[in-house]
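# Per-entry structural report
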Amino acid sequence: DGMNVLFIVVDDLRPVLGCYGDKLVKSPNIDQLASRSIVFSNAYAQQAVCAPSRVSFLTGRRPDTTRLYDFYSYWRVHAGNYSTMPQYFKDNGYMTLSVGKVFHPGVSSNYSDDYPYSWSIPPFHPSAEKYENDKTCRGKDGKLYANLVCPVDVTEMPGGTLPDIQSTEEAIRLLNVMKVNRQKFFLAVGYHKPHIPLRYPQEFLKLYPLENITLAPDPWVPKNLPPVAYNPWTDIRQRDDVEALNVSFPYGPLPDDFQRQIRQSYYAAVSYLDVQVGLLLNALDNVGLSNNTTVVFTADHGWSLGEHGEWAKYSNFDVATRVPLMFYVPGMTTSPVRQGTRVFPYLDPFSHNGISAPQGQSKKVVELVSLFPTLAELAGLQVPSVCPEASFGVVLCTEGTSIVPYFNVSEEEVEEGKGRCDDTDRSFNEEPVAFSQYPRPADTPQWNSDKPKLKDIRIMGYSMRTIDCRYTLWVQFDPNNFSANFNDIHGGELYMMETDPNQDYNIYNNISHGWFFKKILG
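The following paragraphs examine the structure supplied in this document. The structure displayed is predicted, hence computed values, not measured ones.

## A word on the overall build of the protein
Tallying secondary structure elements over the protein gives 12 helices and 17 strands in all. Against the 2.2 N^0.38 benchmark of 24 Å for 522 residues, the protein shows a C-alpha radius of gyration of 22 Å, consistent with a compact globule. Overall, the protein is about 60 × 60 × 45 Å in size when its C-alpha atoms are taken along their principal axes. Within the protein, counting contacts between residues at least 6 apart in sequence, those at least 24 apart form 76% of the total. Total accessible area computed for the protein in this model is approximately 19400 Å², and 49% of it derives from carbon and sulfur atoms. With 46 positive and 59 negative side-chain charges, the protein shows a separation of 4 Å between the mean positions of the two kinds.

## Quick word on the pattern of salt bridges
Scanning the entire structure with this criterion turns up 17 salt bridges. Its salt-bridge partner being D114, residue R76 comes within 2.7 Å of it at the nearest N-O pair. One end of the pair, R76, is in helix α4 (residues 75-78); the other, D114, is in the loop between β3 (95-100) and β4 (137-138), and 38 residues separate them in sequence. The same class applies to R76 and to D114, which are both buried. One salt bridge connects R263 with E307, and the closest N-O pair in it is separated by 3.9 Å. With R263 in helix α9 (residues 256-286) and E307 in the loop between β10 (304-305) and β11 (311-312), this pair connects stretches of sequence that are 44 residues apart. Accessibility expressed as a relative area gives 8% for R263, which makes it buried. Note on E307: relative accessible area 5%, which makes it buried. Members of the salt-bridge network, linked through shared partners, are D11, R54, K101 and D300.

## A closer look at the sheet that holds strand β17 (residues 483-496)
Pairing within the open sheet is antiparallel, and its 4 strands lie in the order β14-β15-β16-β17. The open sheet terminates on both sides in strands that have one partner only, identified here as β14 (434-440) and β17. Between one strand axis and the next, the sheet turns through 20° on average, direction left out of account.

## Observations concerning the sheet that holds strand β12 (residues 322-328)
Overall, mixed pairing links the 7 strands, which are arranged β3-β7-β1-β9-β12-β2-β13 in an open sheet. Across the chains shown, the open sheet's two edge strands, defined by having one partner strand only, are β3 and β13 (360-367). Between one strand axis and the next, the sheet turns through 15° on average, direction left out of account. As paired elements, strand β1 (residues 4-10) and strand β9 (residues 293-299) share 7 bridges and run parallel to each other.

## What to know about the side chain of D113
With respect to the helices and strands, the residue D113 is situated in the loop between β3 and β4. Despite its burial, D113 pairs with no opposite charge, the nearest such side chain being R54 at 8.1 Å. Only 2.6 Å separates the side chain of D113 from the side chain of H125, close enough to count as a polar contact. When near neighbours in sequence (up to four residues on either side) are disregarded, D113 contacts F103, P105, W119, P123 and H125.

## Observations regarding helix α12 (residues 514-521)
One turn of the α-helix equals 3.6 residues, which is why residues spaced by three or four share an orientation. Every buried residue of α12 is listed here: W515, F516, K519 and I520. Projection of α12 onto a plane perpendicular to its axis shows the buried side chains occupying an angular sector of 125°, all on one side. On its buried side, α12 packs onto β14, β15 (459-465), β16 (469-478) and β17.

## Observations concerning the side chain of K313
With respect to the secondary-structure elements, K313 resides in the loop between β11 and α10 (318-321). We classify K313 as buried; its relative accessible area is 2%. At 2.8 Å, the side chain of K313 and the side chain of D12 are in polar contact. If we skip the residues at most four places from it in the chain, K313 touches D12, A48, V49, C50, H195, N231, H301, G302, W303 and A320.

## Structural notes on the environment of W303
As for its position among the elements, W303 is in the loop between β9 and β10. With a relative accessible area of 0%, W303 lands in the buried category. The spatial distance from the C-alpha of W303 to the C-alpha of N231 is 12 Å, given a sequence separation of 72 residues. Every residue in contact with W303, bar those within four places of it in the chain, is listed here: D12, R14, I196, I236, I262, Y266, W311, A312, K313, V319 and A320.

## Brief notes about the nonpolar core
Core analysis: the biggest nonpolar cluster contains 127 residues, and F7, I8, F186, L187, I262, F297 and F327 have the highest contact counts within it. Among the elements that line this core, the one with the most residues is α9, at 15 residues. Every residue in contact with F327, bar those within four places of it in the chain, is listed here: S37, I38, F40, V295, V296, T333, L371, T374, L378, I403 and F407. Counting 19 residues, the second-largest nonpolar core is a separate cluster that includes Y69, L454, M464 and F516.

Each value, and the rule that gives it
- Residues numbered from 1 in each chain as written.
- Predicted model: local features only at pLDDT ≥ 70, side-chain atom pairs only at ≥ 80, totals over all residues.
- Heavy atoms only, no water.
- Helix = DSSP H or I, 4+ residues; strand = E, 2+ residues; numbered from the N terminus.
- Rg over C-alpha atoms; globule rule 2.2 N^0.38 Å.
- Contact = heavy atoms within 4.5 Å.
- Areas by Shrake-Rupley, 256 points an atom, 1.4 Å probe, with all protein chains shown as cover.
- Lys, Arg positive; Asp, Glu negative; His and termini not counted.
- Charge placed at Lys NZ, Arg CZ, Asp CG, Glu CD.
- Salt bridge = Lys/Arg side-chain N within 4 Å of Asp/Glu carboxyl O.
- Buried < 20%, exposed > 50% of the residue type's maximum accessible area, 1.4 Å probe, protein only.
- Pairing = 2+ DSSP bridges.
- Axes fitted to C-alpha atoms, helices over the stretch in contact; angles between N-to-C directions.
- Polar contact = N/O pair within 3.5 Å; in protein donor to acceptor, adjacent residues only side chain to side chain.
- Arc of directions from axis to C-beta.
- Core = buried A, V, L, I, M, F, W, Y, C linked by side-chain atoms within 4.5 Å.

Structure (structure tokens):
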């Protein structure tokens, strides 16, 4: 009958996980999932902001096809009546269920999370969600603030809970219903943390003593960075604790001790998330469905933690576009699993360090836009055909490609750092690449640079990541007809991964890049 699907998507989670080699984080449950999964170490979002990224991977179309670069349009009205991944599963007999933040709420999903098209029943949103930006963070003076750094006593929170705790409870309830109903399901669970505010149960701070927290390895604005590429982290500046620091716009920097506190709280929020994932996966064991459920774990994009003097997402750097991506497929990424086997025993991050060895790890460069065809293939459904060049009138097609062929990692993996970025003769088909993009309102950082509305976009940064390098062109963009003019270049970036893995030394002006230019146009 085909596998069930448990699709876990996390808000703003960069791959700071034990299974991705992070030595500081405590993420034993996600690491345990990785140890039974194929893990992709070079997976990238198509735009580093929530709504455009989610609409892109849920429809299998790139932002230039969804025409969503901000939060303020619904693709079915504004671009084309594209089928979504959950809709395709629903049309193929699955019960499709949404818990928490899967689609971005609001205009971009028609104020309904695209119900009834994508989901069999109305999506669940935790009641505690509405307090996310309220003054619930207790300051040293005992008063309540709307802070960025916000460890809390959960018993003092409205309703005595937090949104992700409620989402886990609802997802577990639905798993029990599905067990009784014996119906194939596609259950999407969207977790909020580590999205700002960094509001999480305060006990998780104990895992990360401040003296163990370092600054980013490159907490400065790169010398040769085009100003258009910089994101001035306006959203965190509006939090009470950051505002009180009176940091200059646009470059800051934040005081070192506060940088450490943000990094500490981001890690603590990741461990809090790990507990939720552990409880959810343990429930999959408890209902006896770990043997016939594919589990996908990913994020909508990353989040800068001080690298390049930047915070938040809103850029084309790896720290903003790179995401965790893993697939647990019983019988494929593991040997066949007998019903009732304990695959995911819950691990307490306060007593378990985690497991850092994935079942299989692929360095292939992959994109979130490929999730739709990949999950269709894993479920034994017909894989949607590749979209024609102009696909606004095509209801069902995909601009991604299934990455199931990469699941067999015993093949010779491509090696990083061959220094081929300046080789203009390289074959177009020799390796996969990932495309991301980000809009800007002007050539220099403005108050709306991070999240320009469509009408204010003047420049689009198109970025291409290969195994060896990242290449970005900032070009003139007309929001009235959604056209990019590659003859009008406002800035360029080129970083070589072998010698510059953190993307600090822009060599765009030092090297020929004809191959890249052709590839980014194609």
